[in-house]
Every structure is written in structure tokens, then in C-alpha cells.
Amino acid sequence: MPTSLKRYLLCVALIIFSFNLAAQVTFFVSPDGSDRNSGSVSKPFKTLHHAVQAASGIRAKDVVIAMQKGIYYLDKTITLDAAKFLPASLQITAFNNEGVTISAGKRLNLQWKPWKNGIYMANVPAGISFERMYISNSLQPLARYPNYDSTARIFHGTAADAIAPERVKKWKDPAGGYIHALHAYEWGGFHYRITGADSEGNVQLEGGWQNNRPNKMHEKYRFVENIFEELDAPGEWWLDRNKDILYYYPPKGIDITKAMVTVSQLKNSIELKGTEAKPLRQVGISGIHFAHNERSFMDTKEPLLRSDWTIYRGGVILLDGTERCKISDCVFEGIGGNAIMVSNYNKYDTITGCHIYNTGANAVCFIGDTKAVRSPSFGYENFVPYDQLDKTPGPLTNNFPQNCVVTDNLFHDLGDIEKQATGVQIQVASGITVSHNSIYQTSRAGINIGDGAFGGHIIEFNDVFNTVRETGDHGSFNSWGRDRFWAPGRRYMDSLAAAHPELILLDAQKQTIIRNNRFRCDHGWDIDLDDGSSNYHIYNNLCLNGGLKLREGFYRIVENNIMINNSFHPHVWFKNSGDVFERNIVMKKYAPIQVKDWGNRIDNNLFPDTIALHDAQSRGTDKNSLAGDPMFVNPSKGDYTVLPASPALKVGFKNFPMNEFGVQKPSLKRIAQHPQIPVLITDAGLADKSVPVAFLGGSIKSVDGLGDRSAYGLPDESGVIILSAGNNSLLAQSGLQDKDVIRKADGKMIEGVKQLMDTYQTLNWTGRIPLEIIRNQQTLKLILKTK
């Protein structure tokens, strides 16, 4: 290269380098700073509000707000508005990865004095209101009945008499209290504010709009809170808003005079706002810990078309009208509502490396404007008749999230308050990629797609388990597709789809892909495509417990999946659905419900035995399928790769990676939990009857020979022994005790664990299985609760 050219290129490089230095502006913020300062590293600002205001006025340059170590209490929500935003980009970040917390709460310096019965009282600032209180950063329960029980499966404790008149009559003024309950069918939850009570002990309520499938409150699963007379257990508190007095019953070991008291104030901490015409672009938020956000369940009221959801379009961070914004390496912990809400028009946004846990509602939501959908209907029972239907394909507007990514995150313990809550919720959106996330301990689904509008999503390499913990009839992955072709009347819908198949994909225009995930649901299906879900390609998924369900819909291709201890659940299919199910490994008979037309192709699958294979073939499917041991490499360690001699390979099955599920970021991967690996429920896998098997929170084993028969006083050598019912497990809640022996389930004799598991896998979605047991040589009948 000529010397002159080298000098020229060097000069250009120096000019570019100098330009980049000049083009970036950095403001520093510190809790010890002052908003009268310049914002330099030696003279930092004090508040993020002021730093954002200063940054927004810097034209056409890249701006960094570097937050120094400390807790930043917000007195109002920070809003970045595209109409007033001049920088080329803005990054809000923790300086040098220092510990930075943005609190939506307020510190209270209180003078406590004893009241009575171990309860203390203190005056609070006039007019302050809050529903979450943290003592030394630990969330304390509002005064409630029944008392908080960390071991309880639903709502941390429920009672059928929560609002019984006899109890209500003891309350002097219940106005401002709340009643929380599951849906009557356990399809999420309801929340009501108590506005008063009459002399007969009947409460007056407002609310119940948090579920798009109206019904009664569950008669058993309910509790009340924020009632002064229920302040009777350590940790509970109550605020008298009329007198500005806070009451608190400190647990043992807490010196209330020295404890730090923080109370919630804001629902939303940061809002990024623009429009499709003028989006807010290139804003990043990284390395921040968010905490102390207020609850939002009474704001969860906007119906999302005909899904089961209503929504509050808010969260700790709200993105509404943005492009190429990024939230990375943040922690959202102990918040009252949604963590991240991506609402209306947003494009090319990314959420990555975040840890979201202990939320009142959802981790991440992508929710478009329902007005972007043509001929929208609201509520399950409603639909637009054919002659009034807008038959134009696709969306009416672009006011919905598009081509956004949520990847490499850890989400767990979600939906503490709201039970229609999930790890990732997608509705009225297009091209959302959900990849390499670990999602577990959720009240409902781990990932939920609310409708077919407008498809094109990719769900891949996620690890989703311990879901549907407090509700029922759902899956680790769940979807609905109550789109324009769908109607609640099945006869009308059948005739419409048959006469006008062009309607089917008017909304679900792009195929949604579910691939290379690991799912486990112990209270429903691993993959649940519910009402109308259409245009899916599902492959290379490992289903560890609940199998795969396809309710009525069209054009679903399901191939090369593994269903451990379970099978394929086709329900009420359409004629000419176009569905395909091939090259899958199933370990039980198919479980069809009202299926007369078996789609496009159901074949080349591997069954566990000839009984299951012949059962399928008797229905006209699986002509070329085989039966046999799949020959997994190391199933006890979760490796379901099949060996070269496996018959699965003969039907066209191909191995897929078993070590790429879930979060990959090292710091999150180290702390992420993993699903329980099941014991294979096969004749070979349970040949040793002495082996204990984990089941519904307890431990069981097959009756093993004359020794067990004699020890438990049995008439023969059949049955399943409860080795341990567990503490507050579903076994214990069903009334089962240690040393009970299950003899029948759903009226069928149970020879051992395999038969019990077969019955459970078939009926667990119903929530109840009739049992006949022997206890102390006496025959009893119980109902096994499966959710």
C-alpha cells in the first residue's frame, strides 16, 4: 500500500475517532449529587429526572447517563417523549456496573410506639397511600384472612368463609379492603374492592374485570386483605388512611425502631413514548435494579379481544411507540404488577439478560392496539357475522409490536397477585422472538399467545416448567386463536370454515414456530394450542410431562417432538383441518376427544407398545408408525437423544440438542433452576417396584410382593403405596396420608405406579380423579386433586 494512502487512511481514522468522542455526551448521577451541578463525574446530578431532562435537549449526539452506586427514589414517573427528544441515542446505565436501584417507593422515617397485642403504630405523612410495605427490603403482607402461609399453593392461603356474613359483621368499616379469588373454573382470577357492607354482613363490591371470561368467584379459593380486624399475625400491617396511622405487627427478631421502612408509590417507573409517525429511537436501559412498584390489579381491565385476558398497559418500564430500544441486564424484583410492557407500535426492541422475579403480574408483555384488528370481537361469546365481517387480510393499522426480541432472560415466581399472568404474553403482535429464556413458577402459562393476530412468532430454546401452579386447564405454552373465522357456536363455525376457508388465515397470516424448547407442566399440558389456534409449526420440543394438545384449529404441523410419559391430545378437530402429526415419539396412547376427521397426515410416529399403536391404527392413522423402546441415551439425566439402533430413527425421527434449553448468560444460568426429570413410566422403567417415584409433591411406589401385602393388610399384591404425602402437597390436600394404598383410580384397578400414572396423565386436566384406597385395612373413597 502506498505511503500516501496509509497516511490518508490514518487521518480519516483519527477524524472519525475524534468525531465519535465529540458526538458522545455523558452525564453522571449520584444520590450525593446536586441538580445544580454540571453533571460531570466530579459534579454529578442528584436525580435521574434532571439527567433525563438535560439529555433530552442534546441534539443529534449519543448521550449516556451513568448512574453511580445507590438507591434512587422516584417522586414521579420518568417519561421520555419522542416529541421532545433530540439525541441520536440515549443509554441509561449503571456506572462501572455499580449497584444501582431505581425505587418506585418512598422511605418513611417513623416514630413507632406500642399499640396492643404486639402491634405497633406510627403516624405517616398526611394523605400518603400505599398497598405494599417493605421492612428492610422484605415485603410484608397486608392484614388478611386467612393469614399468610408460604406453603399454601394458591394465594398463600385461602378460605371459603373469607366473606361469610358472620365474619363480615366483625368488621367495623371494611371499605377499602379487597377480596381476591380464583375464577370458578380456575381460569385465572378475580379481584374486587370492598366498598361497604350491610347490617346482614353482605359486602358491596366493585371489580371483577380482570378476567375476560366472566363467571363467579371460586367458592373455596379466596381471601380478603386490607381489613383492620384481620391484623392478627406477625408481619401483617394496615394503614388507616383517614387518620394517617400505620399499624404493624413485627415478627420476632425485628427491631422496628431500627428497621428501614419503604412503601410503594408508583406503578410505572420509566415510560418510553412515541408514535409510529415519530417513534422514540435508540434508548437503552442497562444494569439497573428496579424495585418497590405498586400493585396494579384494579387497573387490569382492558379486554384483549376474545382471549381470556384483560390487561393493564403499564409496567415498571413501558415502551409505547419505540424503535430499536433495548432493556438489558436489569433486575426487576418484588414488584406489584407488570415488569416490562411493550404496548402498541414498537419495532425492533430487545429485552435481554434480565432477571425478573416475585412479580404481582407478568414479566414481559407485547400487546398491540385491538383497533389494529379488523372486525374485532370482545368476549368469548361474541362474534361478527359473515355478512358484516371485514374480509381484508391482515391488520387495519400498524399499531402493534413487530419484530421484537426477548432473549436470554430468567423469569420466575410470577403472578403473585394476578393469576392470569405469565412470563411472556403476546397479543396483537407480529414476529416476536422468544428465545433462550428460563421461565418457571408461574400462576398460569409460562408463554402465552392470545390470538392469531398476526403470527410470525418464533418460540425457541426456552426452558419452561412448574407452570399453571395455581390455576387449571392450561399449559406451559398456551395459545388461543379466536380470530375472525372463529365463533362460539360450533355448528355455525364448522359451516363457516367449510364454506369460506379463506377466512381461516385472515389474521394468523404468518406461521408461528415453536421449536427446540423444553416444557414441563404438572397441572395441564406441556403445549396447549387451545380454541382456534392455527398456522403453527411445532418441532424438536421435549415435553417432560403433560404432552401436547391441539384443540380445534387449522394448519398445525407437529413433527419430531418427544412426549415423555404422555402423548398426543387432539380435541374436537375441524373437518379438513390440514393438521400433521408425524415423526414424534409418544409414550402413551393418543387421547382424542370428539375427533372424526384426522387432518392431513398422522403417521410415522413411534409408540411405546403395540397396544398403543394398534389403538391409533384402529382409527385409520399411523399406517407406517412403529412400536418399541425409543432407546434414550440417558433419560435419568434428561438426555433423550436416541441411540443409533432406536426404532425412532426408522420412522424418520432426528435427534436434536438436549443441552441448549433456557438462559445462557453465565450469571443467570448459574442460579436458574431446572425441571424435575421424570422417571420413565414404562414397564421396563418401573420394573423395580421398590423404586420411589415423586408424585404431586409426595413420594409413591408400587406394592412389591408378599411383604408389602402383609405389611399394609392388602387382599393381593396390587396398588400404589403413599410413602410420603408431603407437606401441603396435592396428595395431602386430597386427604391422602402416609401408608395409604391406592387401589383404584377412576374406577379402574391400579396394579402399580405405571397404571396410576397412565390414569393421571389422561385425567389430570380435569382437576380431580376418584380414588379408592385402603387405610388401616379399611376401604375409603377420596378425590385426588391434580391442580
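Residues numbered from 1 in each chain as written. Predicted model: local features only at pLDDT ≥ 70, side-chain atom pairs only at ≥ 80, totals over all residues. Heavy atoms only, no water.

Student: Sorry, what's going on with the overall build of the protein chain here?
Tutor: A count of helices and strands for the protein chain gives nine helices and 67 strands. What you see for the protein chain is a C-alpha radius of gyration of 29 Å, in line with the 28 Å of a compact globule of 787 residues. Once the C-alpha set of the protein chain is aligned to its principal axes, its extents read approximately 85 × 85 × 60 Å. Every one of the 787 residues in the protein chain was classed for burial, and the buried ones make up 59%. For the protein chain, restricting intrachain contacts to residue pairs at least 6 apart in sequence, the fraction spanning at least 24 positions comes to 67%. (Helix = DSSP H or I, 4+ residues; strand = E, 2+ residues; numbered from the N terminus. Rg over C-alpha atoms; globule rule 2.2 N^0.38 Å. Buried < 20%, exposed > 50% of the residue type's maximum accessible area, 1.4 Å probe, protein only. Contact = heavy atoms within 4.5 Å.)

Student: When you look at the sheet that holds strand β17 (residues 237–240) in this model, what are you seeing that I'm missing?
Tutor: Strand pairing in a sheet relies on backbone hydrogen bonds, with the paired strands running either antiparallel or parallel. Taking strand neighbours across the sheet as the criterion, the four strands line up as β8-β9-β18-β17 in an open arrangement whose pairing is antiparallel. The strands lining the two open edges of the sheet, one partner per strand, are β8 (113–116) and β17. Direction aside, the axes of adjacent strands within the sheet are offset by 30 degrees on average. As defined by bridge partners, β17 adjoins strand β18 (residues 245–248) across four bridges and the pair is classed as antiparallel. Bridging from a neighbouring strand, Asp240 pairs with Ile245 of β18. (Pairing = 2+ DSSP bridges. Axes fitted to C-alpha atoms, helices over the stretch in contact; angles between N-to-C directions.)

Student: Sorry if this is basic, but what is going on with the pattern of salt bridges here?
Tutor: If the charged atoms of two oppositely charged side chains come close together, the side chains can form a pair. As enumerated under the stated definition, the model contains 32 salt bridges in all. One salt bridge connects Arg484 with Asp507, and the closest N-O pair in it is separated by 3.0 Å. Here Arg484, found in the loop between β44 (475–479) and α4 (490–499), pairs with Asp507, found in the loop between α4 and β45 (512–515); they are 23 residues apart in sequence, far enough to count as distant. Judged by its relative accessible area of 5%, Arg484 falls in the buried class. Between Arg619 and Asp615 there is a salt bridge, and its shortest N-O distance comes to 2.6 Å. Residue classification places Arg619 among the partly exposed residues on the basis of a relative accessible area of 35%. Linked through salt bridges whose partners overlap, the residues forming this network are Arg213, Asp308, Arg482, Asp528, Asp530, Asp531, Lys549, Arg551 and Glu552. (Salt bridge = Lys/Arg side-chain N within 4 Å of Asp/Glu carboxyl O.)

Student: What should I look at first to understand the layout of surface pockets in this one?
Tutor: Its boundaries defined by the atoms lining it, the second largest pocket holds a volume of some 810 Å³. Residue lining of the second largest pocket: 34 residues in total, with Met587, Lys588, Asp609, Lys754 and Asp758 positioned closest to the centre. Listing elements by their share of the lining of the second largest pocket, those giving two or more residues are α5 (610–617), β65 (748–749) and α9 (753–763). Here the lining of the second largest pocket gets six residues from one element, more than from any other, and that element is α9. (1 Å grid on protein atoms, 1.4 Å probe; cavity = no way out; pocket = protein on both sides within 12 Å on 5 of 7 lines; lining within 4 Å. Points joined across faces, edges and corners; volume = space filled by probe spheres on them.)

Student: I'm lost on α5 in this one. Help?
Tutor: The α-helix winds at 3.6 residues per turn, so residues separated by three or four positions along the chain end up facing the same way. Taken together, the buried positions of α5 are occupied by Ala612, Leu613, Asp615 and Ala616. One side of α5 holds all its buried residues, which, seen down the axis, span an arc of 160 degrees. Sitting at the amino-terminal end of α5 is Asp609, which places a side-chain oxygen 3.2 Å from the backbone nitrogen of Ile611. (Arc of directions from axis to C-beta. Polar contact = N/O pair within 3.5 Å; in protein donor to acceptor, adjacent residues only side chain to side chain.)

Student: I would appreciate a short explanation of unusual backbone geometry in the present structure.
Tutor: Excluding glycine, most residues fall at negative phi; most peptide bonds, likewise, are trans. Of the consecutive residues Tyr145 and Pro146, the connecting peptide bond is found in the cis state with omega at -5 degrees. Looking at the element boundaries, Pro146 is found in the loop between β12 (144–145) and α3 (165–168). Of note, the amide linkage connecting Ala453 to Phe454 takes the cis form, showing an omega dihedral of 5 degrees. In this fold, Phe454 is placed in the loop between β41 (447–449) and β42 (458–460).

Student: What exactly am I supposed to notice about the sheet that holds strand β13 (residues 178–183) here?
Tutor: Here we have five strands laid out as an open sheet, ordered β12-β16-β13-β14-β15, and antiparallel in their pairing. In this open sheet, the two edge strands, each paired with only one partner strand, are β12 and β15 (203–207). Both β13 and strand β16 (residues 217–225) contribute to a ladder of five bridges, which runs antiparallel. Opposite His183, over in β16, you have Met217 as the bridge partner.

Student: I keep staring at the pairing of strand β19 (residues 261–264) and nothing clicks. Help me out?
Tutor: Each regular strand carries side chains that alternate between the two faces of the sheet. Of the two faces of β19, the one carrying Val261 and Val263 and the one carrying Thr262 and Ser264 are both buried. Where strand β7 (residues 105–108) meets β19, four bridges bridge the pair, whose relative direction is antiparallel. Along β19, the bridge assignment pairs Arg107 with Thr262. Note that strand β10 (residues 133–135) and β19 share three bridges and pair antiparallel. When the sheet's bridge partners are listed, Met133 is paired in β19 with Val263.

Student: Mind showing me how you'd approach empty space enclosed by the protein here?
Tutor: Picture a little ball the size of a water molecule; that probe, rolled over the atoms, points out where space is still empty. According to the stated counting rule, one finds four cavities of 30 Å³ or more in the structure shown. In this model, the largest cavity occupies a volume close to 130 Å³. If you trace the largest cavity, you find 17 residues lining it, with Arg306, Ser375, Arg482, Asp483 and Arg484 closest to the centre. Within the lining of the largest cavity, the residues separate by chemical class into eight nonpolar, two polar and seven charged. What the second largest cavity holds in volume is close to 60 Å³. Lining the second largest cavity, in full, are Ile449, Asp451, Gly452, Gly455, His457, Ala508, Lys510, Thr512, Ser533, Ser534, Asn535 and Tyr536. Here the lining of the second largest cavity is built from residues that sort into three nonpolar, seven polar and two charged. (Nonpolar A, V, L, I, M, F, W, Y, C, P; charged D, E, K, R; others polar.)

Student: Would you take a moment to explain the environment of Ala159 for this structure?
Tutor: Within the fold, Ala159 resides in the loop between β12 and α3. A relative accessible area of 10% places Ala159 in the buried class. In the structure, Ala159 is positioned 268 residues away from Gln427 in sequence and 34 Å away in space, judged by C-alpha atoms. Residues contacting Ala159, with those up to four places away along its chain left out, are Tyr145, Pro146, Lys220 and Arg222.

Student: What is the right way to look at the packing of aromatic side chains in this model?
Tutor: We describe a pair of aromatic rings using the distance from one ring centre to the other and the angle between the two ring planes. Summed over the entire model, instances satisfying the criterion amount to 33 aromatic pairs. Where Phe290 meets Phe332, the ring centres are 5.0 Å apart and the plane angle is 15 degrees; that geometry is what we call stacked. Here the residue Phe290 occupies a position in strand β23 (residues 289–291), and Phe332 occupies one in strand β29 (residues 331–333), the gap between them amounting to 42 residues. Just as Phe290 is buried, Phe332 falls in that class too. Through a chain of ring-to-ring contacts, three or more aromatic side chains come together here, namely Phe568, Trp573, Phe581, Tyr590, Trp598 and Phe607. Looking at Lys391, its charged tip hangs above the ring of Tyr386, at a distance of 4.3 Å from the centre. (Phe/Tyr/Trp six-rings, centres within 6.5 Å; stacked < 30°, edge-to-face > 60°. Lys NZ or Arg CZ within 6 Å of the ring centre and 35° of its normal.)

Student: I'm lost on the side chain of Ser307 in this one. Help?
Tutor: Mapped onto the secondary structure, Ser307 falls in the loop between β24 (302–303) and β25 (310–311). Within the structure, Ser307 has its side chain in polar contact with the backbone nitrogen of Trp309 (distance 3.1 Å). Setting aside anything within four residues of it in sequence, one finds Ser307 in contact with Asn212, Gln427, Gly450, Trp480 and Arg482.

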